[in-house]
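Per-entry structural report
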Amino acid sequence: MRTRLPLLWLALHRRRRMLTAVLVGMVAFEALIVVVTNTIPPEQLFSSGTKGPPSAYRAFSGSSGEVSLASYPGLLGAGLVHPFWIALQLTAVGSLTAAAVAADVESGTIELVMVRPVTRARLLAERTGACLLASAGVTAAATLTVAVGVALSPEIHAEVGLGGVFAAGLMGFGFTLCMIGPALAVSAAGRTRSRVLGAVVTFGAVGFAVNFIALAWEPVAPLRFASPFHYYTPGDALARGAVLWPQLAVLVGVGTAGLLAAHVLLRHRDLAR
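For the structure given in this document, a descriptive report is provided here. Just so it is clear, the model here is predicted, and its values are computed rather than measured.

**Looking at empty space enclosed by the protein**
Leftover empty space is mapped by rolling, across the atoms, a probe with the size of a water molecule. What the rule picks out here adds up to two cavities of 30 Å³ or more. Size it by volume and the largest cavity reaches roughly 40 Å³. Forming the boundary of the largest cavity are Ala 59, Gly 62, Ser 63, Val 81, Phe 208, Asn 211, Phe 229, Tyr 232 and Thr 233. Considering only residue class, the lining of the largest cavity consists of five nonpolar, four polar and no charged. Its boundaries defined by the atoms lining it, the second largest cavity holds a volume of some 40 Å³. Lining the second largest cavity are Ser 63, Ser 64, Asn 211, Leu 215, Arg 224, Phe 229, His 230 and Thr 233. Here the lining of the second largest cavity is built from residues that sort into two nonpolar, five polar and one charged.

As structure tokens, then:
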């Protein structure tokens, strides 16, 4: 175990098998998306009707409305906002944020961690670093797999540039930061891992459902602004070939606010069971 940043490396070491499985699963899934996209042209995949897929399906393409699912950017964007992609990201985020504080409080080992002594700020900083490194690794695995697939396919590359792929990857990391911040705040305030995991599922899975319903049903359209998936739009980034900075700023802002809240909550709470 490394002597510098020991809490960070320990958190990653303890979950190395889970993180390895998530990385392998992400690479395999994105490779499958690229193969399907390259094998079946979008116009054939949605050839049952001249109108193409319903407009509400832009939620599945990772778009706010500009990109159809029946396009190369839409299909690749679907791979970066697919429920499987979400599940893998939430697995990594949920596991590491639950272990940041709440797991040690629940098991009664928090006193042992703090006895070195380790300040609360350092504890949170190193555990946050572990979460960010894990999420960056998972996001990079997905992004690089898509980038390789695009580079090897002239048909896809003609419509999707590598700049757009990396822009979508950067927005994906912004999305994971948006999940990590609030989840760490719950971990800093909670006493059980289940509460943190429940919060992560709510932020991610429920957020996706809210965004889809808001896009599909006009009377509740304003609800989309309450979902992180309204701001995480990889399909738009793939089509434009650029990062959507206003949306990324919202994602990073929510994540940063969550990290600041976690610091305040941990600083003022009693860590004893």
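**Things to note about the packing of helix 10 (residues 162–189) against helix 11 (residues 193–216)**
The N-to-C vectors of helix 10 and helix 11 enclose an angle of 155°; their axes lie 9 Å apart at closest approach. Regarding the angle of helix 10 to helix 11, the classification is roughly antiparallel. Note that helix 10 runs across helix 11; the crossing there is right-handed. Residues Met 179, Pro 182, Ala 183, Val 186 and Ser 187 of helix 10 pack against Arg 195, Val 196, Ala 199, Val 200, Phe 203 and Gly 204 of helix 11. Its residues assigned to classes, the contact of helix 10 with helix 11 shows eight nonpolar, two polar and one charged.

**A short note on unusual backbone geometry**
The residue Leu 5 is not glycine, and still its phi comes out positive at about 55°. Looking at the secondary structure, you find Leu 5 in the segment before helix 1 (6–14).

**Thoughts on the packing of helix 5 (residues 83–100) against helix 8 (residues 120–152)**
The N-to-C vectors of helix 5 and helix 8 enclose an angle of 165°; their axes lie 9 Å apart at closest approach. Classified by the interaxial angle, the pair formed by helix 5 and helix 8 is roughly antiparallel. Viewed along their axes, helix 5 and helix 8 form a crossing whose handedness is right-handed. Contacts between helix 5 and helix 8 pair Trp 85, Gln 89, Ala 92, Val 93, Leu 96, Thr 97, Ala 99 and Ala 100 from the former with Leu 123, Arg 127, Ala 130, Cys 131, Ala 134, Ser 135, Val 138, Thr 139 and Ala 142 from the latter. Partitioning the contact of helix 5 with helix 8 into residue classes produces 12 nonpolar, four polar and one charged.

**Focus: helix 10**
When the terminal C-alpha atoms of helix 10 are compared, their 41 Å separation across 28 residues agrees well with the 40 Å that a helix rising 1.5 Å per residue should span. Taking burial as the measure, the 28 residues of helix 10 include 22 buried ones, the bulk of the element.

**Re the nonpolar core**
In this structure, Leu 76, Leu 80, Trp 85, Leu 123, Val 160 and Tyr 232 are the most contacted members of the largest nonpolar core, which totals 66 residues. Broken down by element, the residue count for this core peaks at 12 residues, all from helix 10. Excluding residues that lie within four positions of it along the chain, Leu 80 makes contacts with Glu 30, Trp 85, Ala 142, Val 146, Ala 168, Tyr 232, Pro 234 and Leu 238. Counting five residues, the second-largest nonpolar core is a separate cluster that includes Ala 102, Val 186, Val 196 and Ala 199.

**Examining the state of the cysteines**
Within this structure, the stated rule accounts for zero disulfides. The closest cysteine sulfur to the non-disulfide-bonded Cys 131 is located on Cys 178, 14 Å from its own sulfur. The exposure class assigned to Cys 131 is buried, which follows from its relative accessible area of 2%.

Reading the values: rules and limits
- Residues numbered from 1 in each chain as written.
- Predicted model: local features only at pLDDT ≥ 70, side-chain atom pairs only at ≥ 80, totals over all residues.
- Heavy atoms only, no water.
- 1 Å grid on protein atoms, 1.4 Å probe; cavity = no way out; pocket = protein on both sides within 12 Å on 5 of 7 lines; lining within 4 Å.
- Points joined across faces, edges and corners; volume = space filled by probe spheres on them.
- Nonpolar A, V, L, I, M, F, W, Y, C, P; charged D, E, K, R; others polar.
- Axes fitted to C-alpha atoms, helices over the stretch in contact; angles between N-to-C directions.
- Helix = DSSP H or I, 4+ residues; strand = E, 2+ residues; numbered from the N terminus.
- Parallel < 35°, antiparallel > 145°, perpendicular 65-115°, else oblique.
- Left-handed = near helix turned anticlockwise from the far one by under 90°.
- Contact = heavy atoms within 4.5 Å.
- Expected span 1.5 Å × (residues − 1).
- Buried < 20%, exposed > 50% of the residue type's maximum accessible area, 1.4 Å probe, protein only.
- Core = buried A, V, L, I, M, F, W, Y, C linked by side-chain atoms within 4.5 Å.
- Disulfide = S-S within 2.5 Å.

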